[in-house]
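# A structural walkthrough
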Amino acid sequence: MKTHQPTRGRLAPSPTGAQHVGNARTYLIAWLSARSKGGRVLLRMEDIDSPRIKPGAAEQAVDDLRWLGLDWDEGPIVQTERLPLYEQALDTLQQQELVYPCTCTRADVERAASAPHQEHEGPVYPGTCAYRRAADADSLGDQAFAWRFRVPDEPITFHDAFRGPMTLNPRDLSGDFVVWKSAGTPAYQLAVVVDDALLGITEVVRGDDLIPSTPRQLLLYRALGYAPPTFAHVPMVVGPDGRRLAKRHGDTRLASLRAAGVKPETLVGLFAWSCGWLERVEPITTQELLPRFRLDTIPPRPFVLETDLLRKIGYR
Ligand code: GLU
Ligand code: ZN
């Protein structure tokens with residue numbers, strides 16, 4: 001049993017491009033989940049993935065979220081301003097010999113891995129450098145290396161507030177995973193755990209594309225001595241072809257909908273209908289939705305953004 005603590009949720013956009021209809025539905029659900037419990041909301045810019053960060057995208061994300069009708073009590077909290085915190089966490093992992101320096105290139109890992117792998121996840125790391133100790137980093141000279149977390153061969157169980165009980169073995173999903181990149185920056189898995197823990201986040205509501213990350217993050221919570229938040233992984237928005245919403249499906253950026261004169265309440269109404277909170281697509285504000293919010297009416301399937309739906313809300 002968890003002791004009762006005030007809810008703290010978060011919106012965590014990556015400023016790697018414009019926010020679009022796909023991200024927006026997830027942010028709306030995350031916001032409603034926290035606010036409907038009287039909780040606080042934090043906005044965090046996940047900008048450590050520097051090569052992919054687009055200038056101006058953080059400001060754009062703030063505008064997009066505000067336009068939609070979301071607000072927050074704290075933030076934007078900016079990851080690139082928090083590097084010492086991630087360094088401390090890495091140090092803790094090093095002390096415990098839970099990480100080791102890995103000199104493999106991407107191509108090395110691809111070659112050595114036998115198992116087929118998913119598009120986004122990359123191959124399962126075969127453990128080539130697992131014989132090393134943390135202190136071996138000192139003798140690597142000029143060689144570039146990443147830090148990998150040693151995963152135990154053990155299924156990780158958690159209760160997903162949307163999907164119910166989940167059991168996943170990170171050994172099969174990723175193997176030993178990178179917590180610090182050879183470029184000298186923290187990997188998403190480490191930064192997100194350090195941030196959610198230190199910022200006192202009690203619930204994480206995010207897209208179900210991140211489910212394979214959750215067992216890895218739970219291992220980091222354990223290793224760093226933090227209590228994990230609750231997780232709810234909600235279905236993604238996909239195009240008519242069933243693939244994750246992307247450029248090939250046309251321009252679904254919030255900024256473009258806005259420029260075309262679509263009202264935020266209209267888009268929110270479309271989402272509310274898609275989540276089972278409204279019987280038909282009709283305008284509603286985020287505030288008006290608060291008493292209607294519930295996770296268990298959201299269909300477990302991805303939400304297919306059919307072209308006629310965009311027409312229905314006056315876009316295209
Ligand atoms: N920044 C991530 C994204 O935009 C979200 C990470 C998370 O919610 O844990 O997909
Ligand atoms: Zn290696």
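The structure reproduced in this document is the subject of the present report.

Each value, and the rule that gives it
- Residues numbered from 1 in each chain as written.
- Chains lettered and ligands numbered in written order.
- Predicted model: local features only at pLDDT ≥ 70, side-chain atom pairs only at ≥ 80, totals over all residues.
- Heavy atoms only, no water.
- Donors = N, O, S within 2.8 Å, 3.2 Å for Na, K, Ca; no water.
- Tetrahedral: all angles 85-135°; square planar, octahedral: opposite > 155°, others 65-115°.
- Helix = DSSP H or I, 4+ residues; strand = E, 2+ residues; numbered from the N terminus.
- Buried < 20%, exposed > 50% of the residue type's maximum accessible area, 1.4 Å probe, protein only.
- Phe/Tyr/Trp six-rings, centres within 6.5 Å; stacked < 30°, edge-to-face > 60°.
- Near = heavy atom within 4 Å.
- Polar contact = N/O pair within 3.5 Å; in protein donor to acceptor, adjacent residues only side chain to side chain.
- Areas by Shrake-Rupley, 256 points an atom, 1.4 Å probe, with all protein chains shown as cover.
- Nonpolar A, V, L, I, M, F, W, Y, C, P; charged D, E, K, R; others polar.
- Axes fitted to C-alpha atoms, helices over the stretch in contact; angles between N-to-C directions.
- Parallel < 35°, antiparallel > 145°, perpendicular 65-115°, else oblique.
- Left-handed = near helix turned anticlockwise from the far one by under 90°.
- Contact = heavy atoms within 4.5 Å.
- Salt bridge = Lys/Arg side-chain N within 4 Å of Asp/Glu carboxyl O.

Six octahedral donors around a metal ideally sit at 90 or 180 degrees from one another, while four tetrahedral donors ideally sit at 109.5 degrees. Binding of the zinc ion (ligand 2) to the protein goes through Cys102 (SG), Cys104 (SG), Tyr125 (OH) and Cys129 (SG), at separations of 2.1 to 2.3 Å. Each of the four donor atoms bound to the zinc ion (ligand 2) contributes to angles spanning 99 to 123°, and the resulting shape is tetrahedral. Ordering the donors of the zinc ion (ligand 2) by residue number gives the pattern C-x1-C-x20-Y-x3-C. With Cys102 in strand 4 (residues 99-102) and Tyr125 in the loop between helix 4 (106-112) and strand 5 (146-149), this residue pair connects regions lying 23 residues apart in the sequence. Each of the two residues, Cys102 as well as Tyr125, counts as buried.

Take the packing of aromatic side chains next. Summed over the entire model, instances satisfying the criterion amount to five aromatic pairs. Pairing Trp273 with Phe303 gives two aromatic rings, centres 6.4 Å apart and planes at 75°, and the pair type is edge-to-face. Of the two residues, Trp273 sits in helix 9 (residues 264-274) while Phe303 sits in strand 12 (residues 303-304), which places them 30 residues apart along the sequence. Since its relative accessible area comes to 32%, Trp273 is described here as partly exposed.

Here the focus is the site of ligand 1. The local shell around ligand 1 consists of Arg10, Ala12, Ser14, Glu46, Tyr188, Val192, Arg206 and Leu210. Within the side chain of Arg10, a nitrogen or oxygen atom sits 2.6 Å from an oxygen atom of ligand 1. At a separation of 2.6 Å, a nitrogen atom of ligand 1 approaches a polar side-chain atom of Glu46. Considering ligand 1 on its own, with 300 Å² of exposed area, one finds that the protein chains cover 79% of that surface. For the shell around ligand 1, the residue count by class is four nonpolar, one polar and three charged.

Another point: the packing of helix 1 (residues 21-35) against helix 9. How two helices sit against one another is set out by the angle between their axes and by the gap between those axes. At a minimum axis distance of 11 Å, the contact between helix 1 and helix 9 shows a crossing angle of 70°. With respect to each other, helix 1 and helix 9 are oriented roughly perpendicular. Regarding helix 1 and helix 9, the two cross each other, and that crossing is right-handed. Here helix 1 contributes Val21, Ala24, Arg25 and Leu28 to the contact with helix 9, which in turn contributes Leu267, Val268, Phe271 and Ser274. Class assignment for the residues of the contact of helix 1 with helix 9 results in six nonpolar, one polar and one charged.

With that out of the way, let us pick up the side chain of Thr26. Considering the arrangement of structural elements, one finds Thr26 in helix 1. Excluding its chain neighbours within four sequence positions, the residues that come into contact with Thr26 are Val205, Arg206, Gly207 and Val234.

All chains considered together, the criterion is met by 19 salt bridges. Between Asp209 and Arg244 there is a salt bridge whose closest N-O contact spans 3.2 Å. Placement of the pair is Asp209 in the loop between strand 9 (203-207) and helix 7 (214-224) and Arg244 in the loop between strand 11 (237-238) and helix 8 (254-259), with a sequence separation of 35 residues. For Arg244, a relative accessible area of 38% gives the class partly exposed. With a shortest N-O distance of 2.7 Å, Arg294 and Asp296 are connected by a salt bridge. Among the residues examined, Arg294 registers a relative accessible area of 44% and is labelled partly exposed. Judged by its relative accessible area of 56%, Asp296 is exposed. Through salt bridges that share partners, Arg10, Arg44, Glu46, Arg82, Asp195 and Asp196 make up one connected network.

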